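Here is what each chain is made of, one letter per residue.
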Amino acid sequence: MRHFFASILLFSLAACDSWVQDVPHPAGVLSDDALANEALIPAQVAALHNTFAASFGALSLWSDLLSDAVASDPETAKGFQDILEIDGRAMSPANVHTSETLEKVYQLRYLADALRQRVEGMQTFKDLALRNRALYYAHLYKGISRYFLAAYYGMKETGDGAPIESGVWMPTATLFAEALQSFDAAQSYIATPVDSRLLHTLRARVYLLTDEPLKALMAAQNGLKPGDAPLRVLFSEQAPNPWFTYRNSVMLPMRLAGIVKLIPAEAVRIPVEEVNTLGKMVFRISKYTNRTTPMVFASWQENELILAELEWSQNPQSARSRVNSVRSVYDLPPLTQLTAQEVLDERDRTLFGVGQRLLDQRRNNLWPSTSGNWQYLPISAAERLRNPNLN
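Conventions and cut-offs
- Residues numbered from 1 in each chain as written.
- Predicted model: local features only at pLDDT ≥ 70, side-chain atom pairs only at ≥ 80, totals over all residues.
- Heavy atoms only, no water.
- Phe/Tyr/Trp six-rings, centres within 6.5 Å; stacked < 30°, edge-to-face > 60°.
- Helix = DSSP H or I, 4+ residues; strand = E, 2+ residues; numbered from the N terminus.
- Buried < 20%, exposed > 50% of the residue type's maximum accessible area, 1.4 Å probe, protein only.
- Salt bridge = Lys/Arg side-chain N within 4 Å of Asp/Glu carboxyl O.
- Contact = heavy atoms within 4.5 Å.
- Expected span 1.5 Å × (residues − 1).
- pLDDT = per-residue confidence, 0-100.
- Arc of directions from axis to C-beta.
- Axes fitted to C-alpha atoms, helices over the stretch in contact; angles between N-to-C directions.
- Parallel < 35°, antiparallel > 145°, perpendicular 65-115°, else oblique.
- Nonpolar A, V, L, I, M, F, W, Y, C, P; charged D, E, K, R; others polar.
- Polar contact = N/O pair within 3.5 Å; in protein donor to acceptor, adjacent residues only side chain to side chain.
- Pairing = 2+ DSSP bridges.
- Core = buried A, V, L, I, M, F, W, Y, C linked by side-chain atoms within 4.5 Å.
- Left-handed = near helix turned anticlockwise from the far one by under 90°.

**Describing the packing of aromatic side chains**
Working step 1: This model, assessed by the stated rule, comprises 15 aromatic pairs.
Working step 2: An angle of 20 degrees between the planes, with centres 6.0 Å apart, marks the rings of F52 and F56 as stacked. Taken together, the positions of F52 and F56, both in helix 3 (residues 41-66) and four residues apart, correspond to about one turn of that helix. Here F52 and F56 have matching classes, each one buried.
Working step 3: Aromatic side chains F148 and F297 sit 6.1 Å apart centroid to centroid with 90 degrees between the ring planes, which places their arrangement in the edge-to-face category. Here F148, found in helix 6 (residues 128-152), pairs with F297, found in strand 9 (residues 295-298); they are 149 residues apart in sequence, far enough to count as distant.

**Focus: unusual backbone geometry**
Working step 1: The phi dihedral of D211 is positive, around 60 degrees, even though this residue is not glycine.
Working step 2: In this structure, D211 sits in the loop between helix 8 (193-209) and helix 9 (213-221).
Working step 3: On the basis of relative accessibility, which here comes to 64%, the residue D211 falls in the exposed class.
Working step 4: Non-glycine residue N365 carries a positive phi angle of around 55 degrees.
Working step 5: Inspection of the secondary structure assignment puts N365 in the loop between helix 15 (357-364) and strand 10 (377-378).

**A closer look at the pattern of salt bridges**
Working step 1: In total, this model carries 29 salt bridges according to the counting rule given.
Working step 2: The salt bridge involving E311 is made with R322; its shortest N-O contact spans 2.9 Å. Taken together, the residues span a long stretch of sequence, with E311 in helix 12 (residues 300-311) and R322 in helix 13 (residues 316-329) at a distance of 11 residues.
Working step 3: With a relative accessible area of 12%, E311 lands in the buried category.
Working step 4: Among the charged side chains, a salt-bridge network with shared partners connects E266, R269, R327, E346 and R349.

**Focus on the environment of M122**
Working step 1: Within the secondary structure, M122 sits in the loop between helix 5 (96-121) and helix 6.
Working step 2: For M122, a relative accessible area of 13% gives the class buried.
Working step 3: For M122 and R357, which are 235 residues apart along the polypeptide, the C-alpha to C-alpha distance reads 42 Å.
Working step 4: Discounting residues that sit within four places of it in the chain, M122 has contacts with A36, N37, E38 and I41.

**Structural notes on helix 3**
Working step 1: Between the first and last C-alpha of helix 3 there are 37 Å, a value that for 26 residues agrees with the 38 Å anticipated at 1.5 Å per step.
Working step 2: In terms of residue burial, helix 3 counts as a mostly covered element, since 23 of its 26 residues are buried.

**Overview of the confidence of the model for the chain**
Working step 1: For the chain, per-residue confidence averages 90 on the pLDDT scale, and residues scoring 70 or more make up 92% of the total.
Working step 2: Contacts of residues 3-7 to residues separated by more than four positions or lying in other chains number 11 contacts, the stretch itself having pLDDT below 50.
Working step 3: In this model, residues 13-29 is a region of pLDDT below 50 whose contacts with residues beyond four sequence positions or in other chains number 22 contacts.

**Things to note about helix 11 (residues 254-262)**
Working step 1: When helix 11 is considered as a whole, its buried residues turn out to be L256, A257, I259 and V260. Down the axis, helix 11 shows its buried residues gathered within 160 degrees of arc, on one side only. Among the exposed residues of helix 11, those pointing more than 90 degrees away from its buried face are M254, K261 and L262.
Working step 2: On the buried face of helix 11, the contacting elements are strand 7 (272-277), strand 8 (280-285) and helix 14 (340-350).

**Points about the packing of helix 14 against helix 15**
Working step 1: The N-to-C vectors of helix 14 and helix 15 enclose an angle of 160 degrees; their axes lie 10 Å apart at closest approach. One finds that helix 14 runs roughly antiparallel with respect to helix 15. Contacts from L344, R347 and D348 of helix 14 reach helix 15 at R357, D360, R363 and N364.
Working step 2: For the contact of helix 14 with helix 15, the per-class residue count stands at one nonpolar, one polar and five charged.

**Looking at the side chain of Q44**
Working step 1: Looking at the secondary structure, you find Q44 in helix 3.
Working step 2: Here R118 takes part through its side chain, which lies 2.7 Å from a polar atom of the side chain of Q44.

**Re the pairing of strand 7**
Working step 1: Examined bridge by bridge, strand 7 and strand 8 share six bridges and lie antiparallel to one another. For N276, the partnering residue across the bridge sits in strand 8 and is M281.
Working step 2: In this structure, the hairpin formed by strand 7 and strand 8 is closed by a connection of two residues, where L278 is found at a positive phi of approximately 55 degrees.

**A short note on the nonpolar core**
One broad trend across soluble globular proteins is that nonpolar side chains are buried collectively.
Working step 1: Y147, F148 and F297 are the most contacted members of the largest nonpolar core, which totals 109 residues.
Working step 2: Per-element tally for this core: the top contributor is helix 6, with 15 residues.
Working step 3: Excluding anything up to four places from it in sequence, Y147 contacts Y152, F176, A179, R205, V206, L209, F297 and L359.

**Topic: the packing of helix 12 against helix 13**
Working step 1: Packing of helix 12 against helix 13 leaves a shortest axis separation of 8 Å and a crossing angle of 155 degrees. With respect to their mutual orientation, helix 12 and helix 13 come out roughly antiparallel. Crossing of helix 12 against helix 13: the hand is left-handed. When helix 12 is examined against helix 13, the residues W300, Q301, E304, L305, L307, A308 and E311 are found in contact with a partner set consisting of P316, S318, A319, R322, V323, S325, V326 and V329.

Below is the structure:
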């Protein structure tokens, strides 16, 4: 893993944005002592950003394919058994795509933990703002990596936790608890009020998944507010958005295609392009139109929809107002009535293409009857083989 870190650090120095352009290029594989250098910290933060983008991009794609948000194109994906397996919820732990994505999540976990330990161990630090920013991102991404493992991966079809790479198996609840602890730790290093509100939104998301509605409500009430900037995920020509890379292998399922055909205005939230593939018309997903199209990991719109879901039974007027504030962003007409199902529909459409649908299907037991049994992505065969704690 240390060799991997040096490689991604070199890539980050070459590819990250202007705020690290003046960082010197290290040569060869660097030791931990060499990396404990204030001048190299910006590049290590950039490496975290890049690894987060790679893991989230892939995780959102394959989890959406496992859900009913995305389908494989039966013609173009015909020769790609691993893609068909995910779509059919009948995966092997040796599945190439889910296994490679797990390695990316492990890399994110390693880089976040290593950066935190390295920065905390440095006796002197001239730029305290840089130190705080590095620790903020180290704790943030540590929490996100645990959240990824808890929410998306499982040893069994129905979850049951995941191991940290080559380490002990951890129950799902423990992974979620560690994610929350990391978000709490990041709170000590926020630079802006939006940083703080972002952490509350992420807590609310976790509490929805752990079925703790009161905690979710309290967190979301302090979460991202309308107008707050989202947490965006950036890609590059060298490390492209995987949704664009696999754009010809996946398509919109008829469930959502029918909605877009019936309500054309929904194409703003579910961007599609109708194309002819081998004599058959299919709906291609056009939300991510090029290699560098960014993604959104967390937004005020999601936070408003969390609040709407939690408020609906006790305060339907407030819930409807929140839903309509989200709809107004897309120039959709306001709803005059709001059912519980419509709140879920709003999540389905607003959060399309960001890996949230699988989590909502699991929370609400929305599984089609004619499919496989996997509700999580499987822990890879490689991890099962190399990890003595799993034998």
